[in-house]
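Tertiary structure, described
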Amino acid sequence: MAEAADAGWGGPLEFRLLRPELVAPLSAFFRAFAQGPDRAFFHPHPMTDEVAARICAYDGRDLYYAACAAGGVVAYGLLRGWEEGFDSPSLGIAIHPEARGRGLARPFMAFLHAAAKVRGATKVRLTVYRDNQRAVELYRRLGYTFEPKNERELVGVLSL
Ligand SMILES: CC(C)(COP(=O)(O)OP(=O)(O)OC[C@H]1O[C@@H](n2cnc3c(N)ncnc32)[C@H](O)[C@@H]1OP(=O)(O)O)[C@@H](O)C(=O)NCCC(=O)NCCS
C-alpha cells in the first residue's frame, strides 16, 4: 500500500454514487487514466472534465460509482443501458493506474453486481478486448462467460 499511501489514499475506502461534490476528484481520476498505460482498453466516453461534471450531475436510471479513499477517486464503475431501455446493464470498471494490483477490482465488481441486482437486473454484460488479459482473467474468475463480439473484442455475461 506504500504508493497508495503516498498518493494520499490511506483514508478509509468508500463506494459512492457519483454526485456533484465529486466532480473535482473524478476529473483528476479521468486525467490520470487518460495518461495511463491502459487507456486504450477502456473508453466508455471521453475522459474529460466536461464529462466528469455531466456524470456527477446525472440523475437518471443508469448508475455511476466511484471507489473513494481520502477524498480521491481510486476507481470508477458504471452500469448503464437502463436509460436506453435495456433490462441488463453494461458494466464498466477502471482502477486508478497507481491503485492497481491491490485487490480493489474484485470487491468493486461485487459491489457493482449487487447494485445491478438491487435495481432488478438478472444479468450484467460487458465488452472487453481479448488482449486485456488482466480484465479477461478477472471477469472469468468472477464467473463471466464470453462470446466473440468481433476480432478484437469479447462480450461477457454474468447471471446475478
Ligand atoms: C482490469 C482492472 C480493473 C483490474 O484491476 P487491478 O487492480 O489491476 O486488478 P487486481 O490486481 O485486483 O487483480 C484482479 C485480477 O486480475 C487478474 N490479474 C492480475 N494481474 C494479472 C496479470 N498480470 N495477467 C493476467 N491477469 C491478471 C487476476 O485474475 C486477479 O485476480 P486475483 O485477485 O484472483 O489474483 C485494471 O487493471 C484496470 O483498471 N485496467 C484499465 C481499465 C480496464 O481495462 N478496464 C476494463 C475494461 S473491460
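The following refers to the structure shown. (Residues numbered from 1 in each chain as written. Predicted model: local features only at pLDDT ≥ 70, side-chain atom pairs only at ≥ 80, totals over all residues. Heavy atoms only, no water.)

Time to look at the overall build of the protein. Of the regular secondary structure elements, the protein holds five helices and seven strands. Mapped from its N terminus to its C terminus, the protein presents α and β elements in the order α-β-α-α-β-β-β-α-β-α-β-β. Scaling as 2.2 N^0.38, a compact globule of 160 residues should have a C-alpha radius of gyration of about 15 Å, and the protein matches this with 15 Å. C-alpha atoms of the protein, sized along the principal axes, occupy 40 × 35 × 25 Å. Of the roughly 8,600 Å² of accessible surface on the protein, a fraction of 50% belongs to carbon and sulfur atoms. Charged side chains of the protein number 20 positive and 18 negative; the gap between the two group centres comes to 4 Å. (Helix = DSSP H or I, 4+ residues; strand = E, 2+ residues; numbered from the N terminus. Rg over C-alpha atoms; globule rule 2.2 N^0.38 Å. Areas by Shrake-Rupley, 256 points an atom, 1.4 Å probe, with all protein chains shown as cover. Lys, Arg positive; Asp, Glu negative; His and termini not counted. Charge placed at Lys NZ, Arg CZ, Asp CG, Glu CD.)

The next point concerns the packing of aromatic side chains. Applying the stated rule across the entire model yields 13 aromatic pairs. Summarising the aromatic geometry, the rings of Phe29 and Tyr76 are spaced 6.4 Å apart at their centres and angled 55° between planes, so their arrangement reads as tilted. You can see Phe29 sitting in helix α2 (residues 23-34) and its partner Tyr76 sitting in strand β3 (residues 72-80), a full 47 residues away along the chain. We note that Phe29, like Tyr76, is buried. When the ring of Tyr65 is compared with that of Phe111, the centres are 4.8 Å apart and the planes differ by 85°; the resulting orientation is edge-to-face. (Phe/Tyr/Trp six-rings, centres within 6.5 Å; stacked < 30°, edge-to-face > 60°. Buried < 20%, exposed > 50% of the residue type's maximum accessible area, 1.4 Å probe, protein only.)

Across four bridges, strand β6 (residues 145-148) lies against strand β7 (residues 153-159) in antiparallel orientation. Along β7, the bridge assignment pairs Pro148 with Leu154. Taking the residues between adjacent antiparallel strands as the criterion, β6 and β7 are bridged by four residues. (Pairing = 2+ DSSP bridges.)

Let us look at the state of the cysteines. Going through the model one piece at a time under the given rule, you end up with zero disulfides. Of the cysteine sulfurs around Cys56, a residue in no disulfide, the closest is that of Cys68, at 9.4 Å. With relative accessibility at 1%, the residue Cys56 sits in the buried group. Cys68 sits in the buried class, given a relative accessible area of 2%. (Disulfide = S-S within 2.5 Å.)

Attention shifts here to the nonpolar core. Ranked by size, the top nonpolar core spans 31 residues in total, and within it Leu79, Leu91, Val128, Tyr139, Tyr144 and Phe146 carry the most contacts. Within the residue set of this core, elements represented by two or more residues are β2 (63-69), β3, β4 (90-95), α4 (105-118), β5 (123-129), α5 (133-142) and β7. No other element matches the six residues that α4 contributes to this core. In terms of nonpolar packing, the next biggest core, distinct from the first, is built from 19 residues, Leu18, Met47, Cys68 and Leu78 among them. (Core = buried A, V, L, I, M, F, W, Y, C linked by side-chain atoms within 4.5 Å.)

Turning to the site of the ligand, a few remarks are in order. As a matter of local geometry, the ligand sits amid 22 residues, with Ile93, Ile95, Asn132, Arg134 and Arg141 nearest to it. Gly101 is positioned such that a nitrogen or oxygen atom in its backbone is 2.9 Å from an oxygen atom of the ligand. A distance of 2.7 Å is found between an oxygen atom of the ligand and a side-chain nitrogen or oxygen belonging to Arg134. Burial of the ligand by the protein chains amounts to 79% of its free accessible area of 940 Å². Taken together, the elements giving at least two residues each to the shell around the ligand come down to β4, α4, β5 and α5. The residue inventory of the shell around the ligand, partitioned by class, reads 11 nonpolar, five polar and six charged. (Near = heavy atom within 4 Å. Polar contact = N/O pair within 3.5 Å; in protein donor to acceptor, adjacent residues only side chain to side chain. Nonpolar A, V, L, I, M, F, W, Y, C, P; charged D, E, K, R; others polar.)

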